[in-house]
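So the chains spell out like this:
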Amino acid sequence: RSRALGTALACISFGSLAAPPFGGVLYEFAGKRVPFLVLACVCVLDGLLLLLLAPPGGTGARANMPVGTPIHRLMIDPYIAVVAGALATCNIPLAFLEPTIANWMKDSMGASEWEVGLTWLPAFFPHVLGVYVTVRLAAAYPHLQWFYGALGMAIIGASSCLVPACRNFGQVIVPLCGICFGIALVDTALLPTLAFLVDVRHVSVYGSVYAIADISYCVAYALGPIVAGQIVHTMGFAQLNLGMGLANVLYAPVLLFLKNVCQMKPSHSERNILLEEGPKGLYDTIRMEERKG
């Protein structure tokens, strides 16, 4: 699960970090319509490939799947709430810097248009490295998932505080790479933890809990343009980065709350339901046979 989610996160980050130079180059040399036409073609191609490789299944099997825990009950689970807070906090620097760093680079270091456009692209590589490192560490030491997340938040906090001290394009790339490396540690460690929490504390259906993860991301990116712009206008760019760094450093110890998650035993999971009530449909029968095997 960690490897699969890590691969997905690497692809998501590639799209996010490659978007500015991709859009900038096509806009500069081909016009403003071409980037959208290219993306439309990519989306249509991807949709066709999904239909070929992963066609939608019949509704009969899905009708016999267990009912997932309602999202409002998942939200009040303290362990899930801690993970959701970490996901939102670690993405705040990225969400707040994207709409503000371009103007700061132009004003403070006289950055050119191509430098502004390429600011985030190098950060893709340390992000992939962070995903790879976390997946390998999680496979060897799965009980330290909380520590990888806390370490990532500490790296994000330190890197955020270094951004205002940069004086040229080469220098600013370093803390941005640190931020993306830290985000990779947090996301790759904590997203599988969400699924594990659902396994041992609720019903093993994951749509609602990953919806909570998406909400956490959306909170950060929705507040970014509004809150970050206001803070920069009233307090300054340096204060914005120091605040984001402090928030991540202070939240890192909160992940100690997840230290004993790996030792939890299933309390009311799908397996218990099958053992207590017996098979009721196709899906339950298959799972029961797997368990007997």
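This one's a predicted model, so the numbers in the text were calculated from it and none came from an experiment. (Residues numbered from 1 in each chain as written. Predicted model: local features only at pLDDT ≥ 70, side-chain atom pairs only at ≥ 80, totals over all residues. Heavy atoms only, no water.)

**Thoughts on the layout of surface pockets**
- Space inside the largest pocket adds up to approximately 390 Å³.
- Along the wall of the largest pocket there are 20 residues; nearest its centre are Leu 9, Ile 12, Asn 91, Asp 187 and Tyr 217.
- Looking at the lining of the largest pocket, the elements that each hand over two or more residues are α1 (2-30), α5 (78-97), α10 (169-201) and α11 (207-234).
- Split by residue class, the lining of the largest pocket holds 13 nonpolar, four polar and three charged.
- As for the second largest pocket, its lining consists of Pro 20, Pro 21, Gly 24, Val 25, Tyr 27, Glu 28, Phe 29, Glu 113, Trp 114, Val 116, Gly 117 and Leu 118.
- When contributions to the lining of the second largest pocket are tallied by element, the ones reaching two or more residues are α1 and α7 (113-117).
- Here the element with the most residues in the lining of the second largest pocket is α1; it accounts for seven residues. (1 Å grid on protein atoms, 1.4 Å probe; cavity = no way out; pocket = protein on both sides within 12 Å on 5 of 7 lines; lining within 4 Å. Points joined across faces, edges and corners; volume = space filled by probe spheres on them. Helix = DSSP H or I, 4+ residues; strand = E, 2+ residues; numbered from the N terminus. Nonpolar A, V, L, I, M, F, W, Y, C, P; charged D, E, K, R; others polar.)

**Brief notes about the UniProt feature "transmembrane region" (unreviewed entry) in the protein**
- UniProt annotation of "transmembrane region" (unreviewed entry) refers to residues 34-53, 74-97, 117-139, 146-166, 172-197, 209-232 and 238-258 when read in the numbering used here.
- The distance separating the terminal C-alpha atoms of residues 238-258 is 32 Å; by composition the span is 67% helix and 0% strand. (UniProt positions renumbered as here; feature names shortened; annotations may be inferred.)

**With respect to the packing of α5 against α10**
- The geometry of α5 relative to α10 is characterised by a closest axis approach of 10 Å and an angle of 160 degrees between their N-to-C directions. Judged by the inter-axis angle, α5 sits roughly antiparallel to α10. For the pair α5 and α10, the crossing hand works out as left-handed. Contacts between α5 and α10 involve Pro 78, Tyr 79, Ile 80, Val 83, Ala 86, Leu 87, Cys 90, Asn 91, Pro 93, Leu 94 and Leu 97 on the former and, on the latter, Leu 176, Ile 179, Ile 183, Val 186, Asp 187, Leu 190, Leu 191, Thr 193, Leu 194, Leu 197 and Arg 201.
- Here the residues of the contact of α5 with α10 sort into 18 nonpolar, two polar and two charged. (Axes fitted to C-alpha atoms, helices over the stretch in contact; angles between N-to-C directions. Parallel < 35°, antiparallel > 145°, perpendicular 65-115°, else oblique. Left-handed = near helix turned anticlockwise from the far one by under 90°. Contact = heavy atoms within 4.5 Å.)

**Description of the pattern of salt bridges**
- For the structure shown, the criterion picks out one salt bridge.
- Note that Asp 77 and Arg 201 form a salt bridge whose closest N and O atoms lie 2.8 Å from each other. Of the two residues, Asp 77 is situated in the loop between α4 (71-75) and α5 and Arg 201 in helix α10; the sequence distance between them amounts to 124 residues.
- Asp 77 gets classed as buried once you look at its relative accessible area, which sits at 3%. (Salt bridge = Lys/Arg side-chain N within 4 Å of Asp/Glu carboxyl O. Buried < 20%, exposed > 50% of the residue type's maximum accessible area, 1.4 Å probe, protein only.)

**Observations regarding the side chain of Asp 187**
- On the secondary structure map, Asp 187 appears in helix α10.
- Judged by relative accessible area, which is 4%, Asp 187 ranks as buried.
- Only 3.4 Å separates the side chain of Asp 187 from the side chain of Tyr 217, close enough to count as a polar contact.
- Ignoring any residue separated from it by four or fewer positions in sequence, one finds Asp 187 in contact with Leu 9, Leu 87, Cys 90, Asn 91, Pro 192 and Tyr 217. (Polar contact = N/O pair within 3.5 Å; in protein donor to acceptor, adjacent residues only side chain to side chain.)

**Description of a nonpolar patch on the surface**
- Taken together, the side chains of Ile 71, Met 75, Ile 76, Ile 215, Val 219 and Leu 223 present a nonpolar region at the surface, about 520 Å² in accessible area.
- Among the elements that line the nonpolar patch, the one with the most residues is α11, at three residues.
- Summarising the element assignment, Val 219 is placed in helix α11.
- Among the residues examined, Val 219 registers a relative accessible area of 41% and is labelled partly exposed. (Patch = residues over 30% accessible without salt bridge, like charges linked within 9 Å, V, L, I, M, F, W, Y side chains within 5 Å. Areas by Shrake-Rupley, 256 points an atom, 1.4 Å probe, with all protein chains shown as cover.)

**Looking at the state of the cysteines**
- Enumeration according to the criterion identifies zero disulfides in this entry.
- With no disulfide of its own, Cys 177 lies 7.0 Å from the sulfur of Cys 180, the closest cysteine sulfur. (Disulfide = S-S within 2.5 Å.)

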